[in-house]
Amino acid sequence: DELLEKGELEESEEFYEEALEYYEEAFNIYQRIDYPKGVIETLQLIARVFQYQGEYEQSLFKLEKGLEIAEAHGFRAMKAKLYASFGHGYHLQYKYEDSLEFYQKSLAINQRLENRYEEGKIRGYLGVVYQEAGKNEDAILCFQKSLKIAQEFGAKRVEGNMLEHLGNVYSSLGQSKEAAV
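I will try to describe carefully the structure that is included in this document. (Residues numbered from 1 in each chain as written. Predicted model: local features only at pLDDT ≥ 70, side-chain atom pairs only at ≥ 80, totals over all residues. Heavy atoms only, no water.)

## Here's the deal with the packing of aromatic side chains
Both the distance between ring centres and the angle between the ring planes are used here to describe each pair of aromatic rings. Scanning all chains against the criterion turns up eight aromatic pairs. Their ring planes at 40° and their centres at 5.9 Å tell us that Tyr83 and Phe102 sit as a pair that is tilted. Linking Tyr83 in helix H5 (residues 76-92) with Phe102 in helix H6 (residues 96-112), this pair joins segments that are 19 residues apart in sequence. Phe102 sits in the buried class, given a relative accessible area of 12%. Measuring from centroid to centroid gives 4.8 Å for Phe86 and Phe102, while their planes differ by 20°, and the two rings are stacked. (Phe/Tyr/Trp six-rings, centres within 6.5 Å; stacked < 30°, edge-to-face > 60°. Helix = DSSP H or I, 4+ residues; strand = E, 2+ residues; numbered from the N terminus. Buried < 20%, exposed > 50% of the residue type's maximum accessible area, 1.4 Å probe, protein only.)

Structure representation (structure tokens):
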């Protein structure tokens, strides 16, 4: 966990090569001790760094490896997170249909697992992709549902983000009255 924390700190400072070193060291340890959840988590972190570096093929390769392991062990929650990572990677490439497909897969798993918090996050991500793809009505529905879930959890920051997203969509549609609500 210390290696992952160090990697995340380096990543947050955009020191991607240093972050990769920590993540790869953790990956090797998790592989050596045969800890599949750790292997999957580090593959996902490595994939995220590759996404930020624009190395999308390498990112997809790492996510696919993680997905294989998650499926082999029946780790449904980890599958949901991996699907969300695929969605994020495709979103960064402006491949909206692929992004939506993977976010929808993540959403479906989180709903089956009754993981409302993750469901709310994924609905927010879906809203952003729908909005960028020009599907404003779908974006509004996702943001509204995410907002409701954020309110259930008392997640004020997420609630504020969803209200801002809703305001932006309504404003872009020329519906200033709704944007002000």
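## Observations concerning unusual backbone geometry
Of note in this structure, Glu14 is not a glycine but carries a positive phi near 65°. Mapping Glu14 onto the fold places it in the loop between helix H1 (2-12) and helix H2 (16-32). Its identity as a non-glycine residue notwithstanding, Asp34 has a phi of 55°, on the positive side.

## Concerning the environment of Gly120
Of note, Gly120 is situated in helix H7 (residues 116-132). Considering only alpha carbons, one finds Gly120 and Ser146, 26 residues apart in sequence, at a separation of 4.4 Å. Ignoring anything within four residues of it in the chain, the contact list for Gly120 reads Ser146 and Ile149. (Contact = heavy atoms within 4.5 Å.)

## Describing the nonpolar core
Membership of the largest hydrophobic core comes to 19 residues, with the highest contact counts inside it found for Tyr103, Ile122, Leu126, Tyr130, Phe143 and Leu166. Among the elements of the structure, H6, H7, helix H8 (136-153) and helix H9 (156-172) are those that each provide at least two residues to this core. (Core = buried A, V, L, I, M, F, W, Y, C linked by side-chain atoms within 4.5 Å.)

## Considerations on the packing of helix H3 (residues 36-52) against helix H4 (residues 56-73)
Direction vectors running N to C along H3 and H4 enclose 160°, while the axes themselves pass 8 Å from each other. Judged on the interaxial angle alone, H4 and H3 are roughly antiparallel. Of the two elements, H3 crosses H4, and the hand of that crossing is left-handed. Taken together, the residues of H4 that come into contact with H3 (itself represented by Pro36, Val39, Ile40, Leu43, Gln44, Ile46, Ala47, Phe50 and Gln51) are Tyr56, Gln58, Ser59, Lys62, Leu63, Lys65, Gly66, Ile69, Ala70 and His73. (Axes fitted to C-alpha atoms, helices over the stretch in contact; angles between N-to-C directions. Parallel < 35°, antiparallel > 145°, perpendicular 65-115°, else oblique. Left-handed = near helix turned anticlockwise from the far one by under 90°.)

## Some thoughts on the packing of H8 against H9
H9 packs onto H8 with a crossing angle of 160° between their chain directions and a minimal axis gap of 9 Å. Between H8 and H9, the angle is such that the two are roughly antiparallel. For the element pair H8 and H9, the recorded crossing hand is left-handed. Residue-level inspection shows Asn136, Ala139, Ile140, Phe143, Gln144, Ser146, Leu147, Ala150 and Gln151 of H8 in contact with H9, the latter providing Val158, Glu159, Met162, Leu163, His165, Leu166, Val169, Tyr170 and Ser172. Residue composition of the contact of H8 with H9, grouped by class: eleven nonpolar, six polar and one charged. (Nonpolar A, V, L, I, M, F, W, Y, C, P; charged D, E, K, R; others polar.)

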